[in-house]
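Results of the structural survey
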Amino acid sequence: MPEPPERPDRAYGAPEGETDAERRRRRALFLRELAEARALRDRVQPRRAKTARLRHALRMRTFRW
């Protein structure tokens, strides 16, 4: 049976010897680029973006706390 990695992020291709600060920096960059891509998609597909906003609002209205 293979030995599990010492840290879970090793299984996902994180570089050896990476610090938590570097990982957080990479994650922040990824999330920034993801938000930018979503904003671009919303600009080029306004009808789909509006529909998604309305659908999300409806989901939030019907959500029970």
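A brief structural summary. As the structure is a computational prediction, the values presented were derived from the model and not from experiment.

1. What to know about the overall build of the chain
Within the chain one finds 2 helices and 0 strands. In the structure as shown, the chain presents an accessible area of about 6,700 Å², 57% of it carried by carbon and sulfur atoms.

2. Some remarks on a positive patch on the surface
Residues Arg23, Arg24, Arg25 and Arg27 make up a contiguous surface patch of positive charge. By the element assignment, arginine 25 lies in helix H1 (residues 20-44).

3. Looking at the pattern of salt bridges
Applying the stated criterion across every chain, the model contains 1 salt bridge. Across the pair glutamate 18 and arginine 26 runs a salt bridge whose closest N-O atoms are separated by 2.7 Å. You can call glutamate 18 buried: its relative accessible area is 8%.

4. What about the side chain of glutamate 18?
Position of glutamate 18 relative to the elements: it lies in the segment before H1. A polar contact is formed between the side chain of glutamate 18 and the side chain of arginine 26, at a distance of 2.7 Å.

Rules of the game
- Residues numbered from 1 in each chain as written.
- Predicted model: local features only at pLDDT ≥ 70, side-chain atom pairs only at ≥ 80, totals over all residues.
- Heavy atoms only, no water.
- Helix = DSSP H or I, 4+ residues; strand = E, 2+ residues; numbered from the N terminus.
- Areas by Shrake-Rupley, 256 points an atom, 1.4 Å probe, with all protein chains shown as cover.
- Patch = residues over 30% accessible without salt bridge, like charges linked within 9 Å, V, L, I, M, F, W, Y side chains within 5 Å.
- Salt bridge = Lys/Arg side-chain N within 4 Å of Asp/Glu carboxyl O.
- Lys, Arg positive; Asp, Glu negative; His and termini not counted.
- Charge placed at Lys NZ, Arg CZ, Asp CG, Glu CD.
- Buried < 20%, exposed > 50% of the residue type's maximum accessible area, 1.4 Å probe, protein only.
- Polar contact = N/O pair within 3.5 Å; in protein donor to acceptor, adjacent residues only side chain to side chain.

Shape descriptors only; they carry no functional weight alone.
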